[in-house]
Amino acid sequence: MTRHFISLLDLSPEELNALLNRAIELKHEIKSGRTSQLMQGKTLALLFDKSSTRTRVSFETGMNQMGGSTLFLSPADAQIGRGEPIEDTARVISSMVDIVAIRTGLHGNIIRFAEYSRVPVINALTDFNHPCQLLADMMTVREKIGRTENIEVAYIGDGNNMCHSWMIAAKQFGFNIAIAVPQGFEPDAELLEACEDRVTLTNLPAEAIKGVDVVVTDTWISMGQEEEKQQREQAFEGYTVDSALMKLASENAIFLHCLPAYRGYEVSEEVLEGPQSMVWDEAENRLHAQKALIEFLLDENRSIQRQGQLDIRT
Ligand code: CP
Ligand code: NVA
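The structure contained in this document is the topic of the report that follows.

Calculation criteria
- All residue numbers refer to positions counted from 1 along the written sequence of the respective chain.
- For naming, the first written chain is A and the first written ligand is 1, with later ones following in the order written.
- Where local features are concerned, this predicted model is filtered to residues with pLDDT of at least 70; where side-chain atom pairs are given and counted, the filter is 80 or more; whole-chain, interface and lining totals use all residues.
- Hydrogens and water are ignored here; the side-chain numbers use all heavy atoms of the structure.
- Orientation is described by lines fitted to C-alpha atoms, with helices fitted over the stretch in contact, and by angles between N-to-C directions that extend from 0 to 180 degrees.
- Only runs of H or I of at least four residues qualify as helices and only runs of E of at least two qualify as strands under DSSP, and these elements are numbered from the N terminus.
- Comment on the angle field: the value is read as roughly parallel under 35 degrees, roughly antiparallel over 145, roughly perpendicular from 65 to 115, and oblique elsewhere.
- Whether two residues are in contact is decided by their heavy atoms, any of which lying within 4.5 Å being enough.
- Residue classes follow a fixed rule: Ala, Val, Leu, Ile, Met, Phe, Trp, Tyr, Cys and Pro count as nonpolar, while Asp, Glu, Lys and Arg count as charged, and any other residue, Gly among them, counts as polar.
- The criterion is simple. A nonpolar core is a set of buried Ala, Val, Leu, Ile, Met, Phe, Trp, Tyr and Cys residues joined through side-chain atoms within 4.5 Å.
- Burial classes follow relative accessibility: with a 1.4 Å probe on protein chains only, a residue under 20% of its type's maximum area counts as buried, one over 50% as exposed, and anything between as partly exposed.
- Near residues are defined by distance, with any heavy atom within 4 Å of the molecule or strand qualifying the residue.
- Definition of a polar contact: a pair of N or O atoms within 3.5 Å, with one able to donate and the other able to accept a hydrogen when the atoms are protein atoms, and with sequence-neighbouring residues admitted only if both atoms are side-chain atoms.
- Working definition of accessibility: Shrake-Rupley area with a 1.4 Å probe, residue cover restricted to the visible protein chains.
- One speaks of a salt bridge when a side-chain nitrogen belonging to Lys or Arg is within 4 Å of a carboxyl oxygen belonging to Asp or Glu.
- Expected span of a helix: the number of residues minus one, times 1.5 Å.
- Within this analysis, the arc is defined by the directions that extend from the helix axis to the C-beta atoms.
- Strands were regarded as paired on the criterion that DSSP finds at least two bridges between them.
- Helix crossings get a hand from a simple test, with the near helix turned counterclockwise from the far one by less than a right angle marking a left-handed crossing and a clockwise turn marking a right-handed one.
- Clockwise travel from the first strand over the helix to the second, with the strands pointing away from the viewer, marks a crossover as right-handed.

A separate point is the packing of helix α1 (residues 13-31) against helix α5 (residues 131-145). Contact pair α1 / α5: the axes reach a minimum separation of 10 Å and the direction vectors enclose 75°. Taken together, the axes of α1 and α5 lie roughly perpendicular to each other. Within the contact between the two elements, α1 uses L16, N17, L19, L20, N21, A23, I24 and K27 and α5 uses L135, M138, M139, R142 and E143. Taken together, the residues of the contact of α1 with α5 break down into eight nonpolar, two polar and three charged.

In structure tokens:
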């Protein structure tokens, strides 16, 4: 079975921790001018039907730094945009490239693609989750706080894909998360139940943030929700992470945001640009974490293929 990365649950906690170690190693390597060229001859296909700055640039640059190449396809470029089934697209593309990253709305689309793909599939964001972002976020937490387990996190804002990813991370990395959302914007109920030993839910940002080590937020209006802008801005009034709210967190708390950020809405200018904000390191870490992820998935795939060959011979 090919291993994919559709959720943080696709890797064990041990594998996730090893991946973060490798990401930190790769960061040091590139900063000291060393490159591995491990991906020579390998191609990563990026199938994106939503906008992206960080995810696209980090995947393309990462592959390039490792000696491999990338192929970017938007729906306007590929037949999938004219109705070719996902199952057919998956079989064709995965017969030619070594690894695929997909950004799409419907989470089920990635699952369908992965079922028919011969090569690893990476979730580069769906409406349900954004696991690549959490690799970078956890790497940043490790760098800034020194550990990822037994910490207290507050997520203030929409119960969206980023919120879900933080909930799953709480399970996998062993930390507690307090989520503050307005009524009607709660995260997925099934996921909430599955994570209940690590997650608490409130409608009060001031309650969630009290004494925490990490404060996280995300846009109130995710891609595809543009028509709900006015209604959402009203519903999220009082949920801006500003200096007054940050004062309630631990004195050494860090602030994270996957970006793009909307100053004056989910976060104030002062917090985003302030000394507790680690968002620029967090964004850079997308590059290092995803290089480690690509390495991991291609290595795993090779060893699965090797095991398969042995099985045939015996
Ligand atoms: N954080 C993130 O995924 O950014 P992009 O949408 O720019 O890729
Ligand atoms: N919640 C946001 C994250 C963007 C990286 C969205 O889905 O648009």
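On we go from here.
In summary, soluble globular proteins display a tendency toward joint burial of nonpolar side chains. I122, W166, F175 and I294 are the most contacted members of the largest nonpolar core, which totals 57 residues. Ignoring any residue separated from it by four or fewer positions in sequence, one finds I122 in contact with F5, F59, I99, V100, A101, I102, C132, L293, I294 and L297. Of all hydrophobic cores here, the second largest spans 25 residues; its members include I156, A178, V215 and L245.

This brings us to the site of ligand 1. All residues in the neighbourhood of ligand 1 are listed as S52, T53, R54, T55, R103, H130, Q133, C258, L259 and R286. Measuring from an oxygen atom of ligand 1, one finds a side-chain N or O atom of R54 at 2.8 Å. A distance of 2.9 Å separates a nitrogen atom of ligand 1 from a polar backbone atom of C258. Here ligand 1 loses 95% of its free accessible area of 260 Å² to cover by the protein chains. Class assignment for the residues of the shell around ligand 1 results in two nonpolar, five polar and three charged.

Using the criterion set out here, one finds 18 salt bridges in the structure. Among the ionic pairs, R56 bridges to E60, the shortest N-O distance being 2.9 Å. Of this pair, R56 and E60 both sit in helix α2 (residues 54-65), four residues apart, roughly one helical turn. What makes E60 partly exposed here is its relative accessible area of 24%. Here R232 and E228 are joined by a salt bridge, their closest N and O atoms 2.9 Å apart.

Taken together, L125, N160, N161, D218, T219, S222, M223, C258 and L259 make up all the residues around ligand 2. Between ligand 2 and N160, the relevant distance is 3.5 Å, taken from a nitrogen atom to a side-chain nitrogen or oxygen of the residue. One of the side-chain N or O atoms of S222 is found 2.7 Å from a nitrogen atom in ligand 2. The protein chains hide 94% of the 270 Å² of surface that ligand 2 would expose on its own. When its residues are assigned to classes, the shell around ligand 2 shows four nonpolar, four polar and one charged.

Taking 1.5 Å per residue as the helical rise, α2 with its twelve residues ought to reach 16 Å, and the 16 Å between its terminal C-alpha atoms agrees with that figure. Those residues of α2 not exposed but buried are T55, S58, F59, G62, M63 and Q65. Looking down the long axis of α2, one finds its buried residues gathered within 160° of arc, a one-sided arrangement. Positive backbone phi, at 90°, marks G67, one or two positions downstream of α2.

Strands belonging to one sheet form pairs held by backbone hydrogen bonds; the direction of such a pair is parallel or antiparallel. Taken in spatial order, the four strands make up an open sheet running β2-β1-β3-β4, and their pairing is parallel. Single-partner strands in this sheet number two, and they are β2 (69-73) and β4 (121-123). Taken over all neighbouring pairs, the strand axes of this sheet differ in orientation by 20° on average, direction set aside. Taken strand by strand, α2 contacts β1 (43-48), β2, β3 (99-103) and β4, and its axis lies near 170° from that of β1.

Moving on: the packing of α5 against helix α6 (residues 161-173). Packed helices, taken two at a time, are described by the angle their axes make and the gap between the axes. The N-to-C vectors of α5 and α6 enclose an angle of 55°; their axes lie 9 Å apart at closest approach. The angle between α5 and α6 falls in the class oblique. Crossing angle aside, the handedness with which α5 passes α6 is right-handed. Here P131, Q133, L134, D137 and M138 of α5 come into contact with α6, specifically with M162, S165, W166, A169 and F173. For the contact of α5 with α6, the residue count by class is seven nonpolar, two polar and one charged.

This paragraph deals with the pairing of β1. Within β1, five of the six residues are buried, which leaves the element mostly enclosed by the surrounding structure. Following the chain from β1 across α2 to the adjacent parallel β2, one finds a crossover that is right-handed. Examined bridge by bridge, β1 and β3 share five bridges and lie parallel to one another. In the strand pairing of β3, L46 is matched with A101.

A few words on α5. Between its terminal C-alpha atoms α5 stretches 20 Å, which fits the 21 Å expected from 15 residues at 1.5 Å a residue. Of all 15 residues in α5, twelve are buried, a share of seventy percent or more. Directly after α5, the chain includes G146, whose backbone phi takes a positive value near 95°.

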